[in-house]
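What follows is each chain in one-letter form.
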Amino acid sequence: MHLTINSEFATLKEVLVHRPGREIDRLTPYNKHLLLFEDVPYLEEMQREHDVFTKLISEKCGAKVYFFDKLLGDILEDNSLRIDLIREALAVSRLEHLTEELLGVLSQDQCVQALIAGIKVHEVRGRVSAAALADLLDLAFLIPPCPNLYFQRDTAAILPGGMVFSSMRLDQRQREANMVRKIFENHSLFKDKIQQVYPMITHNHTPSIEGGDVIILSDNAVAIGCSERTDEKAVYHVAKNLIAEGRIDRVYEIHLPKKRNFMHLDTVFTILDKNRVLTYPDALQAVKHISVYTRKEEDSEQVNIKRTVLKKPLREILRMEIPDLEIIGTDKVNQEYALREQWFDGANVFTIAPGQVISYNRNKHTNQALREYGIEVLEMPSSELSRGLGGPRCMSLPIAREIIS
């Protein structure tokens, strides 16, 4: 039985998250932009907030919560995987020639920490041969940290018909997606359940796609944002493979403005239950154009797909795919509040069961609008987690939900 999810809203069964750790303490005012942060968060408060998040998931819907560092530690028992991942991490700084020396001084747990939080020259000086580190500054990273790792949604997506492993737009984040992929391909919990839809083995340069751009509309339709982070070519290949699998009939390619507040499709809308969707003011109108991929009707055995440009707005397409659709806009909210909450991912709520969502407590106007529509809003603290500019949906990679028939 392959891993498969056929809705965004059915009761959550299993989810992958990463509790922020020492990698956050590696952020400074000087390196934060290089590491893709706007700010320098306070780690201990971040962890407290994240603990509330995972506790809500466990207690409210009974889902099994897997932690990234624990699963990574499990697969690093395999020596060849340890070598591969440490070599790849060192290659970012062009120091892969240090792989054997570094592995000689790191325990398995220290390897996990090095891969997540990075490792600086002074932390191994005296343990690794002096010649190997001779030209390196004490505070330089042998392995850079991954402070964005708590946004697990970006790294992959499980769909009807298979699994997309992300090819990240920004090189600084590709290692996160690679580690998640290694976990799914090698961990005993998952390795026999993977039906890979993307990336293609044949690609030298894989077009980018990120999990936040992928939204399941129904059992046989998926929407993919063509955004700052996801390329048209990637959408085409995912569509072709999903349609060839036979589980998906339609893949919508939704072109977003190349702006920070439309970074991924899940900043435009999220699905709350079988017929309710949350969106921002003006977000649906901001969509530039939409195409749909469907199967070409041919006699040949090979699956070919066609792309049709649609003249309809996103609102109409959502109505076609989601019967009795109700769109909950935060447009009733004062415009200034709405813009402020959009910056902190107000529409990026995480649906854990039909009509039950986890939302940042700071987005109080959005939360009030949801409650007026009968949605149960579980609020979590958000003063520090929100500094990474992602919401509760961004922080979660669903692995299993109840199947909607």
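Everything quoted here is computed from the prediction, not taken from an experiment.

Brief notes about the overall build of the chain
Working step 1: When its secondary structure is counted, the chain shows 14 helices and 19 strands.
Working step 2: Dimensions along the principal axes, computed over C-alpha positions, put the chain at roughly 70 × 55 × 35 Å.
Working step 3: For the chain, with 405 residues in total, the buried portion stands at 58%.
Working step 4: Carbon and sulfur atoms provide 47% of the accessible area of the chain, an area that totals close to 17,300 Å².
Working step 5: Both charge centroids of the chain, one from 51 positive and one from 58 negative side chains, sit 2 Å from each other.

Looking at helix 4 (residues 79-91)
Working step 1: Helix length check: helix 4 (13 residues) gives 18 Å between terminal C-alpha atoms against 18 Å at 1.5 Å per residue, within 8%.
Working step 2: For helix 4, the full list of buried residues reads Leu 81, Arg 82, Leu 85, Ile 86, Ala 89 and Leu 90. Projected onto a plane normal to the axis of helix 4, the buried residues spread over an arc of 160 degrees and lie on a single side.
Working step 3: On the buried face of helix 4, the contacting elements are helix 3 (68-75), helix 5 (99-105), helix 6 (108-117), strand 4 (141-143) and helix 9 (171-186).

Topic: the sheet that holds strand 5 (residues 156-159)
Working step 1: Across the sheet, which stays open at both edges, the 3 strands sit in the order 5-6-7 with mixed pairing between neighbours. In this open sheet, the two strands that pair with only one neighbour each are strand 5 and strand 7 (196-198). On average, adjacent strands in this sheet sit at an angle of 30 degrees to one another, irrespective of strand direction.
Working step 2: Note: strand 6 (residues 162-165) against strand 7, 2 bridges, orientation parallel. Counted as the bridge partner of Val 164 is Tyr 198 from strand 7.
Working step 3: On top of the sheet, helix 9 reaches strand 5, strand 6 and strand 7; it is set at about 150 degrees to strand 6, its chief contact.

Quick look at the sheet that holds strand 16 (residues 350-353)
For sheets, the rule is that strands pair by backbone hydrogen bonds, running either parallel or antiparallel.
Working step 1: As summarised here, the arrangement of the 3 strands in space is 16-17-18, forming an open sheet in which the pairing is mixed. Bordering the open sheet on either side are strand 16 and strand 18 (376-380), each of which pairs with just one other strand. Each neighbouring strand pair of the sheet contributes to a mean axis angle of 30 degrees, computed without reference to strand direction.
Working step 2: Alignment of strand 16 against strand 17 (residues 356-360), held across 3 bridges, turns out to be antiparallel. Across the sheet, Thr 351 pairs through a bridge with Val 357, a residue of strand 17.

Re the confidence of the model for the chain
Working step 1: Across the chain, pLDDT averages 88, with 93% of residues at or above 70.
Working step 2: Model confidence for the chain, summarised as mean pLDDT per element, is weakest for helix 13 (residues 335-343) at 53 and strongest for strand 2 (residues 64-67) at 98.

Here's the deal with the pattern of salt bridges
When the charged atoms of two side chains lie near each other, side chains of opposite charge can form a pair.
Working step 1: Enumeration according to the criterion identifies 23 salt bridges in this entry.
Working step 2: Residues Arg 19 and Asp 51 are paired through a salt bridge, measuring 2.8 Å at the closest nitrogen-oxygen approach. Taken as a pair, Arg 19 in the loop between strand 1 (12-17) and helix 1 (22-25) and Asp 51 in helix 2 (residues 43-61) lie far apart in primary sequence, 32 residues in all.
Working step 3: Here Arg 19 falls in the partly exposed class, since its relative accessible area comes to 34%.
Working step 4: Residue Asp 51 is classed as partly exposed on the basis of its relative accessible area of 33%.

Observations concerning the packing of helix 4 against helix 9
Working step 1: In the contact formed by helix 4 and helix 9, the axes pass within 11 Å of each other and the chain directions differ by 170 degrees. Looking at the two axes, helix 4 sits roughly antiparallel to helix 9. On the side of helix 4, the interface is formed by Leu 81, Asp 84, Leu 85, Glu 88 and Ala 89, while helix 9 contributes Arg 175, Asn 178, Met 179, Lys 182 and Asn 186.
Working step 2: Residues belonging to the contact of helix 4 with helix 9 are distributed by class as follows: 4 nonpolar, 2 polar and 4 charged.

Details of helix 12 (residues 314-321)
Because an α-helix packs 3.6 residues into every turn, residues spaced three or four apart end up facing the same way.
Working step 1: For helix 12, the complete set of buried residues consists of Leu 314, Ile 317, Leu 318 and Glu 321. An end-on view of helix 12 places all buried positions within 100 degrees of arc, on one side of the element.

A look at the environment of Lys 182
Working step 1: For Lys 182, the location among the structural elements is in helix 9.
Working step 2: For Lys 182, the residues in contact, after removing those within four places along its chain, are Ile 75, Leu 81, Asp 84, Leu 85 and His 187.

Concerning the packing of aromatic side chains
Working step 1: For the coordinates displayed, the defined rule picks out 6 aromatic pairs.
Working step 2: Where Tyr 236 meets Tyr 293, the ring centres are 5.9 Å apart and the plane angle is 65 degrees; that geometry is what we call edge-to-face. Placement of the pair is Tyr 236 in helix 10 (residues 232-245) and Tyr 293 in strand 13 (residues 290-295), with a sequence separation of 57 residues.
Working step 3: Site record: aromatic cluster; members linked through ring pairs are Tyr 66, Phe 165, Phe 184 and Phe 190.

Regarding the packing of helix 3 against helix 6
Working step 1: It is the contact of helix 3 with helix 6, at a shortest axis distance of 9 Å, that shows an interaxial angle of 130 degrees. On the basis of the axis angle, helix 3 is oblique to helix 6. Where helix 3 crosses over helix 6, the handedness of that crossing is right-handed. Of helix 6, the residues touching helix 3 (which contributes Phe 68, Asp 69, Leu 72 and Gly 73) are Gln 108, Val 112, Leu 115 and Ile 116.
Working step 2: Partitioned by chemical class, the residues of the contact of helix 3 with helix 6 number 5 nonpolar, 2 polar and 1 charged.

Let's talk about the side chain of His 264
Working step 1: The topology assignment puts His 264 in the loop between strand 10 (250-255) and strand 11 (269-271).
Working step 2: The exposure class of His 264 is buried, given its relative accessible area of 3%.
Working step 3: Among the polar contacts listed, one links the side chain of His 264 to the side chain of Glu 210, at a separation of 2.9 Å.
Working step 4: In contact with His 264, other than residues within four places in its own chain, are Asp 154, Glu 210, Gly 212, Asp 213, Arg 229 and Leu 256.

Criteria and cut-off values
Residues numbered from 1 in each chain as written. Predicted model: local features only at pLDDT ≥ 70, side-chain atom pairs only at ≥ 80, totals over all residues. Heavy atoms only, no water. Helix = DSSP H or I, 4+ residues; strand = E, 2+ residues; numbered from the N terminus. Buried < 20%, exposed > 50% of the residue type's maximum accessible area, 1.4 Å probe, protein only. Areas by Shrake-Rupley, 256 points an atom, 1.4 Å probe, with all protein chains shown as cover. Lys, Arg positive; Asp, Glu negative; His and termini not counted. Charge placed at Lys NZ, Arg CZ, Asp CG, Glu CD. Expected span 1.5 Å × (residues − 1). Arc of directions from axis to C-beta. Contact = heavy atoms within 4.5 Å. Pairing = 2+ DSSP bridges. Axes fitted to C-alpha atoms, helices over the stretch in contact; angles between N-to-C directions. pLDDT = per-residue confidence, 0-100. Salt bridge = Lys/Arg side-chain N within 4 Å of Asp/Glu carboxyl O. Parallel < 35°, antiparallel > 145°, perpendicular 65-115°, else oblique. Nonpolar A, V, L, I, M, F, W, Y, C, P; charged D, E, K, R; others polar. Phe/Tyr/Trp six-rings, centres within 6.5 Å; stacked < 30°, edge-to-face > 60°. Left-handed = near helix turned anticlockwise from the far one by under 90°. Polar contact = N/O pair within 3.5 Å; in protein donor to acceptor, adjacent residues only side chain to side chain.

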